[in-house]
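Okay, here's what each chain looks like letter by letter:
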Amino acid sequence: MGINIAIKELECPSALCRDKKMTLVRVLVANPGNFGNAAEIFMTVPRSKTEEVIDDWEAFRKRNKLNKDTETVHLDLLKDENDISLLKPLAEESYSGWVDLSKLDDRMREEAIEDSLPENRTTEWELVSFDEMKDTCAACKVSWDKGRGCMGTFGPDNSLLPEIAGRHGCSIVASVPESVAEGRFFTSEDGKKLLKEVEILNKALPEEGKMMVRRYSGPVERLEAVARISVEEGCGFYFF
């Protein structure tokens with residue numbers, strides 16, 4: 001099992017993803033009927049009814065790329081327009097549970113958010129394509145992992161770097177395994193301390209031997225990148 005390191009990018013004014021990650025577009029609620037036409041509706045037809053009007057189920061399934069064990073046909077997933085037209089009169093409407101926040105006024109929007117759990121909320125960022133995410137990260141100032149993003153690898157959970165750090169008085173790096181277990185977050189003030197620890201470790205690793213330099217110079221470089229962003233942006237960071 002490995003340990004990763006990340007910054008709290010929502011605390012970074014320069015993070016290009018920040019606005020999208022802070023903008024909710026839809027939420028899953030317990031009572032979608034309370035939100036009128038903002039509530040998403042599924043149109044479905046049971047397989048048994050579908051087979052009454054579709055001559056060849058297997059051909060229907062394949063052209064619409066449906067799973068073999070499909071028992072309920074969702075019209076919004078069908079690819080063939082003729083099939084959609086044929087099944088639409090048989091469709092039953094039901095709530096999916098999702099509510100489109102753009103269709104609500106401010107009061108109802110807040111009510112919908114309150115009716116949802118944090119893990120059941122979709123942001124603009126989650127709707128961005130993988131390629132757009134990649135391009136955004138590549139252009140972002142706080143993408144500290146060489147343009148790949150704002151989180152990266154610290155090392156395996158049996159890394160000797162915390163032990164080495166402990167011997168040289170580097171308390172933050174020495175405490176990495178414990179901080180993972182505790183879910184601890186570090187502040188930008190800790191980022192200043194981490195920069196000093198990086199300086200100490202860069203001098204200490206050669207004293208530990210060439211093997212330690214080869215093995216841990218990369219993680220120390222990443223720690224320095226995180227610490228610099230933490231200080232420059234005033235953001236926290238954490239290990240997980």
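Up top is the structure these notes are about.
Residues numbered from 1 in each chain as written. Predicted model: local features only at pLDDT ≥ 70, side-chain atom pairs only at ≥ 80, totals over all residues. Heavy atoms only, no water.

### Points about the pairing of strand E2 (residues 24-29)
Pairing between E2 and strand E6 (residues 116-123): 4 bridges, direction antiparallel. In the sheet register, Arg26 faces E6, and the bridge partner there is Thr122. Judged from the 3 bridges that link them, E2 and strand E5 (residues 92-100) form a sheet pairing that is antiparallel. Bridging across to E5, Arg26 finds its partner in Asp100. (Pairing = 2+ DSSP bridges. Helix = DSSP H or I, 4+ residues; strand = E, 2+ residues; numbered from the N terminus.)

### Let's talk about the environment of Gly236
By secondary structure assignment, the location of Gly236 is in the loop between helix H11 (210-233) and strand E9 (237-239). Put simply, Gly236 and Lys146 are 90 residues apart on the chain and 19 Å apart in space, counted from C-alpha to C-alpha. Dropping the residues within four chain positions of it, Gly236 is found in contact with Ile7, Lys8, Glu11, Phe186, Thr187 and Ser188. (Contact = heavy atoms within 4.5 Å.)

### Remarks on the packing of aromatic side chains
Under the counting rule described, the total for this entry stands at 7 aromatic pairs. With 5.5 Å between their ring centres and 40° between their planes, Trp57 and Phe60 make a pair best called tilted. Here Phe60 and Trp57 lie together in helix H3 (residues 57-63), a separation of 3 residues that amounts to about one turn. Considering the side-chain rings of Phe186 and Phe239, the 5.9 Å spacing of their centres and the 85° angle between planes classify their relative orientation as edge-to-face. With Phe186 in strand E8 (residues 185-186) and Phe239 in strand E9, this pair connects stretches of sequence that are 53 residues apart. Joined through ring pairs, the aromatic side chains of Phe154, Phe186, Phe237 and Phe239 make up one cluster. In this structure, Lys8 is placed above the aromatic ring of Phe185, and the distance from its NZ or CZ to the ring centre is 4.4 Å. Taking NZ or CZ as reference, Arg26 lies 4.0 Å from the ring centre of Trp98, over its face. (Phe/Tyr/Trp six-rings, centres within 6.5 Å; stacked < 30°, edge-to-face > 60°. Lys NZ or Arg CZ within 6 Å of the ring centre and 35° of its normal.)

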